[in-house]
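For reference, the chains in residue letters:
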Amino acid sequence: MSMMRTIQNDIRSVFDRDPAARTTLEVLFAYPGLHALWGYHISHWLWVHDLKFLGRIFSQLVRFFTGIEIHPGARIGNNLFIDHGMGVVIGETSEIGDNVTLYHQVTLGGVSLEKGKRHPTIENNVVIGAGAKVLGAIVVGEGSRIGSNAVVVKDVPPNSVVVGVPGQVVVRSRPKERVDLHHDNLPDTIGITLSSVLSRLDELEKQVESHEHPELVTVTSGGSNGHNGHEHIHGNGNGNESHSPHAPDHGVWRGEDFQI
């Protein structure tokens, strides 16, 4: 009964997170992510019952048929969804919470030759975009989203977004209450910050010019609108305004509201 309930929950997860899913029969036979997950349950059972060689062999057999490699020693919670899945690698000491979504070519890898914990811990409701690499014994906090092709090598606070190489962490202003699959809605932390720096530089150049050549200045330069020059407002294209991130504090960017 427990196995049947697990299968039902896994199928429901596909319908909840993939609009391409049409029928239960299609999901059962055409979703390698499900096949890899069910194969993991068998290899993990062998692993924890001290049949490690058989567990490894079975996991490699599943990898051959699905293109997804899940080490039988990994610990995986409920309702993991692996979309497409080709090239996904989940290392031995990885820990994955509930309702996590992984896209193709995601790697949960290790960076140490030492025994013990060397792979990531992924907390509940995390989405990891295609091609992202999460490396080392780090923690990705609950409700966070890792952008496609990001390389994450340090802890990620809850309700954050990570973009870039190496990954830049942006703390969300508002936690999301449901699975967030909008991979097109990622902040360009470097681009926005450079834009802010250039804008501030332009202000300073105008101020210097006004002091050196007051007769040439006919319009008051920026800086008199109540802002201190360190914070800039940017439109997001739909009539709303959002704040650019401040300089990173201990490597963590803090956005006021990126609508993500």
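My aim in this report is to walk through the structure given alongside it, one point at a time. In this text the structure is predicted, and so the values were computed from the model without any measurement.

**Comments concerning the packing of helix α1 (residues 2–17) against helix α3 (residues 32–48)**
Here is step 1: For the pair α1 and α3, interaxial distance at closest approach is 11 Å and the crossing angle is 155 degrees. Looking at the two axes, α1 sits roughly antiparallel to α3. With respect to the hand of their crossing, α1 and α3 are arranged in right-handed fashion. For the pair α1 and α3, the contacting residues are T6, I7, D10, I11 and V14 in the first and L34, L37, W38 and H41 in the second.
Here is step 2: Of the residues that constitute the contact of α1 with α3, the class distribution is 6 nonpolar, 2 polar and 1 charged.

**Some remarks on the packing of aromatic side chains**
Here is step 1: According to the stated counting rule, one finds 1 aromatic pair in the structure shown.
Here is step 2: Both rings, one in F64 and one in F65, keep their centres 5.2 Å apart while their planes meet at 85 degrees; by these two values the pair is edge-to-face. Residue F64 shares its accessibility class with F65, and that shared class is exposed.
Here is step 3: Of note, K52 hangs over the ring of W47, and the distance from its end group to the ring centre comes to 5.1 Å.

**Examining the pairing of strand β15 (residues 168–171)**
Here is step 1: Bridge count for strand β14 (residues 160–163) against β15 is 4 bridges, and the pairing is antiparallel. Within β15, the position partnered with V161 by the bridge is V170.
Here is step 2: What sits between β14 and β15 in their antiparallel hairpin is a turn of 4 residues, with G164 showing a positive phi close to 95 degrees.

**Overview of the sheet that holds strand β8 (residues 121–122)**
Here is step 1: The parallel open sheet is built from 4 strands, whose spatial order is β2-β5-β8-β11. Only two strands of the sheet have a single neighbouring strand rather than two, namely β2 (75–76) and β11 (139–140).
Here is step 2: With 2 bridges connecting them, β2 and strand β5 (residues 95–96) associate as parallel partners. Paired with R75 across the bridge in β5 is E95.

Reading guide: rules and limits
Residues numbered from 1 in each chain as written. Predicted model: local features only at pLDDT ≥ 70, side-chain atom pairs only at ≥ 80, totals over all residues. Heavy atoms only, no water. Axes fitted to C-alpha atoms, helices over the stretch in contact; angles between N-to-C directions. Helix = DSSP H or I, 4+ residues; strand = E, 2+ residues; numbered from the N terminus. Parallel < 35°, antiparallel > 145°, perpendicular 65-115°, else oblique. Left-handed = near helix turned anticlockwise from the far one by under 90°. Contact = heavy atoms within 4.5 Å. Nonpolar A, V, L, I, M, F, W, Y, C, P; charged D, E, K, R; others polar. Phe/Tyr/Trp six-rings, centres within 6.5 Å; stacked < 30°, edge-to-face > 60°. Buried < 20%, exposed > 50% of the residue type's maximum accessible area, 1.4 Å probe, protein only. Lys NZ or Arg CZ within 6 Å of the ring centre and 35° of its normal. Pairing = 2+ DSSP bridges.

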